[in-house]
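Take a look at the letters that make up each chain.
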Amino acid sequence: MVSVRSNLLVILTIGPAYGFQLHGELQSRTAGRRTVNVGQIYGTLDRLVSQGAVESAGTTHDGLPLYRLTDAGRAEALTWLSDTSSPVGEEWNDLVDRVLLASSLPHSDVPAIIAGYRSRWQRTRNGAALTGQDRLAASAASALAAAALAWLDEAEAALAGVSAGAFRRELSHARPRRGRRPAAAVPAHQVPHSSVQELAALGQHVPLPRLDGER
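Just so it is clear, the structure is predicted and the values come from calculations on it, not from any experiment.

A.B. asks: Break down the pairing of strand S2 (residues 54–59) for me, with residues and values.
C.D. replies: Consecutive side chains along a regular strand alternate between the two faces of the sheet. As paired strands, S2 and strand S3 (residues 65–69) are joined by four bridges and run antiparallel to one another. Looking at the pairing, Glu55 lines up with Arg68 of S3.

Okay, here's the thing in structure tokens:
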């Protein structure tokens, strides 16, 4: 399952946003790979506020509450974005989500993130096999590492082959019909960015083996 908390914190590194705006940004910046209930967005924001990672930034001109990162929230967001660890079974999804999100941010160092993941997957691919089930699990992890390394190569080539502004962008200012004041509402229409869709398609087209622990 997608880390809604981490994804929202990363998007908020761009600047203050309201709940429906974050809902659309999450969908568009992951090219539609992640569909999250609007109520889950607001519930996560409430928890982030209570935990000191996010704070109020006032309201929009029409009364929608804005949220912004605290120093602690920004540090958590940047740490997660540059990390390469994941829960068992979520390694591939976290890889693709982090690269997609990073590619859309105005300020991120995408080559460094790709390099970190390449090093992580190279270590997995070269890991020593043991015996029995451990050897089979190591073989599955090695196959996934090969797929991840191939996708990182394609992602790097795609990011290098376009103009600087084709991937990176600020928050969308398209307005929803409604928003939380403070009641929940209906999602705003968002058109996924074509360049981010390209990276997502690359991630979806690589055949993946099952990992130990996957259902």
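A.B. asks: Which residues make up helix H5 (residues 91–104), and what values do they have?
C.D. replies: Taking 1.5 Å as the rise per residue, H5 with 14 residues should run 20 Å; its terminal C-alpha atoms sit 20 Å apart, in good agreement. Burial within H5 is extensive, with 14 of its 14 residues counted as buried.

A.B. asks: If you had to explain helix H1 (residues 4–12) to someone new, which residues and values would you point to?
C.D. replies: The buried fraction of H1 is high, at eight of nine residues. Those residues of H1 that sit buried are Val4, Ser6, Asn7, Leu8, Leu9, Val10, Ile11 and Leu12.

A.B. asks: I'd like to hear about the pairing of S3, residue by residue, with values.
C.D. replies: In terms of strand pairing, strand S1 (residues 17–18) meets S3 through two bridges, oriented antiparallel. Of the residues in S3, the one forming a bridge with Ala17 is Tyr67. In sequence, S2 turns back onto S3 through a hairpin of five residues, with Gly63 there showing a positive phi of about 95 degrees.

What counts and what doesn't
- Residues numbered from 1 in each chain as written.
- Predicted model: local features only at pLDDT ≥ 70, side-chain atom pairs only at ≥ 80, totals over all residues.
- Heavy atoms only, no water.
- Pairing = 2+ DSSP bridges.
- Helix = DSSP H or I, 4+ residues; strand = E, 2+ residues; numbered from the N terminus.
- Expected span 1.5 Å × (residues − 1).
- Buried < 20%, exposed > 50% of the residue type's maximum accessible area, 1.4 Å probe, protein only.

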